[in-house]
Amino acid sequence: MNILIAGPRGKMGSLITKIASKRADMKIVAGVAPKGRNYIGQDVGMAIGMGETLNAFVSDDIDSVIDQCDVIIDYTTTEFSMEVMEAALKAKKAVVCGTTGFSEGQFNRIKEISKHIPVVYAANTSRVVNLMYKLLELTAKTIGNVSDIEIIEMHDKHKKDAPSGTSLEMGEVIAEALGRKLKDIAVFGREGREERAQGSIGYHSVRAGDISSSHTVMFGLMGERLEITHHAYNWECFAQGACEAAAFLYCKEPGLYTVKDVLGIK
């Protein structure tokens, strides 16, 4: 299958490029990046510092290269990702999107687009994180109504959106298990003097140094607490998952898929 990498020099884009280039079932045919980047026109492999050519070049015009691919893998910015989505819709190409921080309107547009092309949207493509979602669902159904639930997430200092997309997905899983809507019960940080709101889900975001990714969900009860935690030591697990998602999408029918679909988690 032929792969187009959006933002190949980005933190995730470069890792995905390296991993996809070594897979026997994938061929990188092009990269695409916003206009003005100093690596436009370069071979993708050389542009990301692999030290080898892939015979695929970086363009700033997605329409000029999109016909070469079967699937686009996109971990860029919300603005550029929306451009990728619109181009994919026009060309009827599948998309794996791992960009986070979309507005409600932007995500609604992605859902509309997925009615016409296959899309995997995943704030987190780690196998273990998606297993953690199942553990959170079970825990929330079992003790969620008698717990004080707090989510603490940590990322590197360069991450722009807070809370993280993964922590929001975790909150959605818990809220759904409780028969609630996350937007109705989420509390983002605290300041001042007041008791904790009963039935709320508290969010706390840490941004420091080069922390790869860390998410802890705490279920606090009187006299005890349960913590479910995932730590990523680097971003390779997410890049591996992105490539698995691309392989899953090949020849799929239109729809909005998740990593649970990719992994067969019920």
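Residues numbered from 1 in each chain as written. Predicted model: local features only at pLDDT ≥ 70, side-chain atom pairs only at ≥ 80, totals over all residues. Heavy atoms only, no water.

Draft legend 1. Highlighting helix H6 (residues 165–177). Counted at 1.5 Å a residue, the expected span for H6 with its 13 residues is 18 Å, and the 18 Å between its end C-alpha atoms agrees. For H6, every residue scored as buried is listed here: Gly165, Thr166, Ser167, Met170, Gly171, Val173, Ile174 and Ala175. Those residues of H6 that are buried are in contact with helix H5 (127–143), strand S7 (148–155), helix H7 (182–185), strand S9 (201–207) and strand S10 (213–221). With its phi angle positive at about 75°, Gly179 sits one or two positions after the end of H6. (Helix = DSSP H or I, 4+ residues; strand = E, 2+ residues; numbered from the N terminus. Expected span 1.5 Å × (residues − 1). Buried < 20%, exposed > 50% of the residue type's maximum accessible area, 1.4 Å probe, protein only. Contact = heavy atoms within 4.5 Å.)

Draft legend 2. Expanded view of the side chain of Ser81. Counting through the fold element by element, Ser81 comes out in helix H3 (residues 78–91). Overall, the relative accessible area of 0% leaves Ser81 in the buried class.

Draft legend 3. Quick look at the nonpolar core. Ranked by internal contacts, the top residues of the largest apolar core, which has 38 residues, are Ile16, Ile73 and Val120. Elements supplying a minimum of two residues to this core: strand S1 (2–6), helix H1 (11–22), helix H2 (44–47), strand S4 (71–74), strand S5 (94–97), helix H8 (236–249) and helix H9 (259–263). When neighbours within four sequence positions are excluded, Ile73 is seen to be in contact with Ile3, Leu4, Ile5, Ala6, Ile16, Val96, Ala242 and Ala246. Ranked by size, the runner-up nonpolar core spans 26 residues in total, among them Ala6, Val32, Met82 and Tyr121. (Core = buried A, V, L, I, M, F, W, Y, C linked by side-chain atoms within 4.5 Å.)

Draft legend 4. Broad picture of the sheet that holds S5. An order of S3-S2-S1-S4-S5-S6-S12 is seen for the seven strands of this open sheet, with the pairing classed as parallel. Looking at strand neighbours, the two that pair on one side only are strand S3 (57–59) and strand S12 (255–257), the edges of this open sheet. Strand-to-strand twist in this sheet, taken as the mean axis angle between neighbours without regard to direction, amounts to 25°. Contacts from H8 reach S1, S4, S5, strand S6 (118–121) and S12, with the element oriented near 160° to S5. (Pairing = 2+ DSSP bridges. Axes fitted to C-alpha atoms, helices over the stretch in contact; angles between N-to-C directions.)

Draft legend 5. Quick peek at the packing of aromatic side chains. Evaluated as defined, the whole model comprises four aromatic pairs. An angle of 65° between the planes, with centres 5.1 Å apart, marks the rings of Phe107 and Tyr121 as edge-to-face. With Phe107 in helix H4 (residues 104–113) and Tyr121 in strand S6, this residue pair connects regions lying 14 residues apart in the sequence. In this structure Tyr121 comes out as buried when scored by relative accessible area, which is 13%. One aromatic cluster is present, built from ring pairs that chain together Phe102, Phe107 and Tyr121. Cation over ring: Lys252 sits above Phe248, and NZ or CZ is 4.3 Å from the ring centre. (Phe/Tyr/Trp six-rings, centres within 6.5 Å; stacked < 30°, edge-to-face > 60°. Lys NZ or Arg CZ within 6 Å of the ring centre and 35° of its normal.)

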